[in-house]
Amino acid sequence: MKKTFIMAGIIALASSNMTNAANSKLNYHADSFADIEVLRYDVPGFDKLSLNQKKLIYFLTEAAIQGRDILTDQNGKYNIALRSTLEAIYTNYKGDKKNPDYLGLEKYLKQVWFANGIHHHYSMDKFKPDFSQKFFEAQIKKLSNDKLPLAEGENVKDLVATLSRVIFDPDFMNKRLNQAKGADIILTSANNFYQDVNQKEVEDFYNALKKPNDSTPVSYGLNSQVVKKDGKIVEKVYRINGMYSPAIEKIVFWLNKAKEVAENEVQKETINKLIEYYTTGDLKTFDDYSILWAKDTKSQVDFVNGFIESYGDPLGMKGSWESIVNFKNLEASHRTEIISSNAQWFEDNSPVDARFKKDKVKGVSAKVITACILAGDAYPATPIGINLPNANWIRATYGSKSVTIENITDAYDQASHGNGFNEEFVLEAKDRELMDKYLFITDNLHTDLHECLGHGSGKLLDGVDSDALKSYGSTLEETRADLFALYYLADPKLIELGLLSNKDAYKAEYYKYILNGLMTQLMRIEPGKDIEESHMRNRKLIAEWVYEKGAKDNVIEYVKKNGKTYLKINDYNKLRELFGKLLAEIQRIKSEGDYEAGKNIVEEYAVKVDQNIHKEILERYAKLNIAPYKGFVNPVYTAVMDKNGNIQDITLDYTEGYAEQMLRYSKDYSPLTK
Ligand code: ZN
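This structure is a prediction, so every number in the text was calculated from the model and none was measured. (Residues numbered from 1 in each chain as written. Predicted model: local features only at pLDDT ≥ 70, side-chain atom pairs only at ≥ 80, totals over all residues. Heavy atoms only, no water.)

Some remarks on the packing of aromatic side chains
No. 1: The full count for this structure, using the stated rule, is 44 aromatic pairs.
No. 2: A ring pair is formed by Trp345 and Tyr488, whose centres lie 6.1 Å apart and whose planes are at 55°; its orientation type is tilted. Taken together, the residues span a long stretch of sequence, with Trp345 in helix H12 (residues 343-349) and Tyr488 in helix H17 (residues 473-489) at a distance of 143 residues.
No. 3: Judged by relative accessible area, Trp345 falls into the partly exposed class, the value being 28%.
No. 4: Note on Tyr488: relative accessible area 0%, which makes it buried.
No. 5: Here the aromatic cluster, defined as three or more aromatic residues joined through ring pairs, consists of Phe33, Tyr90, Tyr93, Tyr102, Trp113, Phe114, Phe135 and Tyr658.
No. 6: It is Lys493 that lies over the ring of Trp345; its NZ or CZ is 4.5 Å from the centre. (Phe/Tyr/Trp six-rings, centres within 6.5 Å; stacked < 30°, edge-to-face > 60°. Helix = DSSP H or I, 4+ residues; strand = E, 2+ residues; numbered from the N terminus. Buried < 20%, exposed > 50% of the residue type's maximum accessible area, 1.4 Å probe, protein only. Lys NZ or Arg CZ within 6 Å of the ring centre and 35° of its normal.)

Next up, the structure:
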């Protein structure tokens, strides 16, 4: 299996524009702690949906929140017990709330909530506690046993010992996902997808399952944990009566309600198939479900619910549980419909070798959606674009659905107004103006192009294994999709299609992209560390490669002023050409499965950080006081009943706070918590 979908990246730049909900009364800021800002998002248009659609959304949101514990446990086997214990301390604390230990514990708990575990959601590094072990242990002693998540036969002493090690021993489970070259990436990754097995054992196990020349392979390993039992490697499958059964039963309960109010027969059948898959755990059924789901392009309400993306697994097989419920923004979808109806033109005119192009681009169904709930791996940090299903052969045969989540990009945009970023990092006023004017639309278009054309473009040569690029596959796939988007953003075709109104608009995105890839994204990296996350690697790869290849023509230039480093782009035409050249090479690597070339280009351009620039960025960024990472709280949906107990309406409330929401979810939606 290989993964394609993704988040096209957090919008890191401010852009003031008047195209979107400028009059909204929503308070976008919900909370700030550590390197995080939590925002709210609006759900415009919900009121205009039919009662039936609102009910469908309501049932699907319940099914979404019920999966929260699954993801938390997938991220690490002590996460749920740790979260419960910290919550018990937090909610029962009677002491001084200005005590630094208490404040440290509160911050840590907020981080654990945000990351669905003890590792940073982006860097994958373990959080460092700002409270003492003594304080932690003293607080636990004050709690009665019934407030603690004791496993059967476990005493408080054991629990304290385990959790203290989890929190305070920096070498224990220090990385959720380790992709370092040369390491046993299974043994050194602290996720809960594998227990007591090494990389070779896992690879041998799955290689033995794969059938040669299978043109419709299932997504091996997607929904299971791999363990050793009596010396043998076995899978514990996530399903009813299997692993995570209590949570999956709840999800299925709500899916059963949802199917009764489905918008049409295809959607009903789709939900039924998902229930069957959750019941049996059969991966062939998951493929059947995915095909039905991809075919359902008529419904306005749609959802993702399941073990989907495999970014959390160093081998890229295990699906992290996630859910997003949404409805189509009919007006804004006009944009993506234009793009997808011209998909063949984009494929035919791309700068890649004709051997790697698709003769016929299969049904890219693209839409702009409004998210109603974010859950599992999509909460609180969330993607702004999705392209599913992931299985290559399903995409090739049945097409895929690609979405841009515009109420989320809008919330980012609203929250970034006037944060001082552009003034600090963009030297020339003309560039800032261009960005102010066009970045909202070019960012959205970048996401549209990335998701609905980029990932779907190109083909593998016959006989090439889709896993051939191994641990470099994610980075290279994102690189490919980004380059496709960048290349076409500057194409006159976009103006001809009415998607952009100004022939220079693309420069806003080019400038932002290069600035981010070469400099500003480094604010997310700790001093001395390499870049590991796939999207950050892909952006750096692209920016560094075009910088180097364009050096002789001075395409991109570092400029020093008042001791600060800035970027200047001197030749936008050449920059576009370079994007095209790199796209051709990345597509070749993918189509031919050229592992060595893929590895070399990633290791050379995408990983190592220039220490001087890094230091400077961190210092300049610190003064701006902008959180490098953002995430969201969900609105609260309430079913209003009539006197006979029938749902009369579904109402929304946007006022819930971050800690409030997390504690409510832990109380009401924790099927796996003891
Ligand atoms: Zn992507």
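What to know about the layout of surface pockets
A probe matching the size of a water molecule, rolled over the atoms, marks out where space remains unfilled.
No. 1: If you add up the space inside the second largest pocket, you get close to 1,100 Å³.
No. 2: Asn392, Trp393, Leu460, Val464 and Ser466 are, among the 38 residues lining the second largest pocket, the residues nearest its centre.
No. 3: Elements with a contribution of two residues or more to the lining of the second largest pocket: helix H13 (392-398) and helix H21 (572-592).
No. 4: For the lining of the second largest pocket, the leading source of residues is H13, giving 4 residues. (1 Å grid on protein atoms, 1.4 Å probe; cavity = no way out; pocket = protein on both sides within 12 Å on 5 of 7 lines; lining within 4 Å. Points joined across faces, edges and corners; volume = space filled by probe spheres on them.)

Remarks on the pattern of salt bridges
No. 1: Counted under the stated rule, the structure contains 48 salt bridges.
No. 2: One salt bridge connects Glu87 with Arg83, and the closest N-O pair in it is separated by 3.9 Å. Here the residue Glu87 and the residue Arg83 both occupy positions in helix H3 (residues 79-92), the gap between them amounting to 4 residues, near one helical turn.
No. 3: With a relative accessible area of 3%, Arg83 lands in the buried category.
No. 4: Asp431 serves as the salt-bridge partner of Lys430, at 3.7 Å between the closest nitrogen and oxygen.
No. 5: In this structure Lys430 comes out as exposed when scored by relative accessible area, which is 54%.
No. 6: Where salt bridges share partners, they join Asp125, Lys128, Lys175, Glu526, Lys529 and Glu532 into one cluster. (Salt bridge = Lys/Arg side-chain N within 4 Å of Asp/Glu carboxyl O.)

Examining the environment of Asn646
No. 1: As for its position among the elements, Asn646 is in the loop between strand E14 (636-641) and strand E15 (647-653).
No. 2: For Asn646, the contacting residues outside a window of four places in its chain are Val640 and Met641. (Contact = heavy atoms within 4.5 Å.)

Remarks on empty space enclosed by the protein
No. 1: Inspection of the entire model under this criterion finds 11 cavities of 30 Å³ or more.
No. 2: For the largest cavity, the calculated volume is near 180 Å³.
No. 3: What lines the largest cavity is a set of 18 residues, and nearest its centre among them are Phe286, Ser290, Ile308, Pro389 and Asn390.
No. 4: Secondary structure elements with two or more residues in the lining of the largest cavity: helix H10 (283-295) and strand E6 (301-309).
No. 5: Each residue belonging to the lining of the largest cavity can be placed in one class, and the counts come to 13 nonpolar, 4 polar and 1 charged. (Nonpolar A, V, L, I, M, F, W, Y, C, P; charged D, E, K, R; others polar.)

Comments concerning the pairing of strand E8 (residues 364-376)
No. 1: Of all 13 residues in E8, 13 are buried, a share of seventy percent or more.
No. 2: Strand direction decides the pairing type here: E8 and strand E10 (residues 400-405), joined by 6 bridges, are parallel. Paired with Lys367 across the bridge in E10 is Val403. (Pairing = 2+ DSSP bridges.)

Comments concerning the side chain of Glu477
No. 1: Relative to the elements of secondary structure, Glu477 occurs in helix H17.
No. 2: Within the local environment of Glu477, its side chain forms a polar contact with the side chain of Lys590, the two groups lying 2.8 Å apart. (Polar contact = N/O pair within 3.5 Å; in protein donor to acceptor, adjacent residues only side chain to side chain.)

Topic: the coordination of the zinc ion
No. 1: Surrounding the zinc ion are the protein donor atoms His450 (NE2), His455 (NE2) and Glu478 (OE), which sit 2.0 to 2.1 Å from the metal.
No. 2: Here the donor residues of the zinc ion are spaced in sequence according to H-x4-H-x22-E.
No. 3: Given the relative accessible area of 0%, His450 is considered buried. (Donors = N, O, S within 2.8 Å, 3.2 Å for Na, K, Ca; no water.)

These figures come from the coordinates and say nothing about function on their own.
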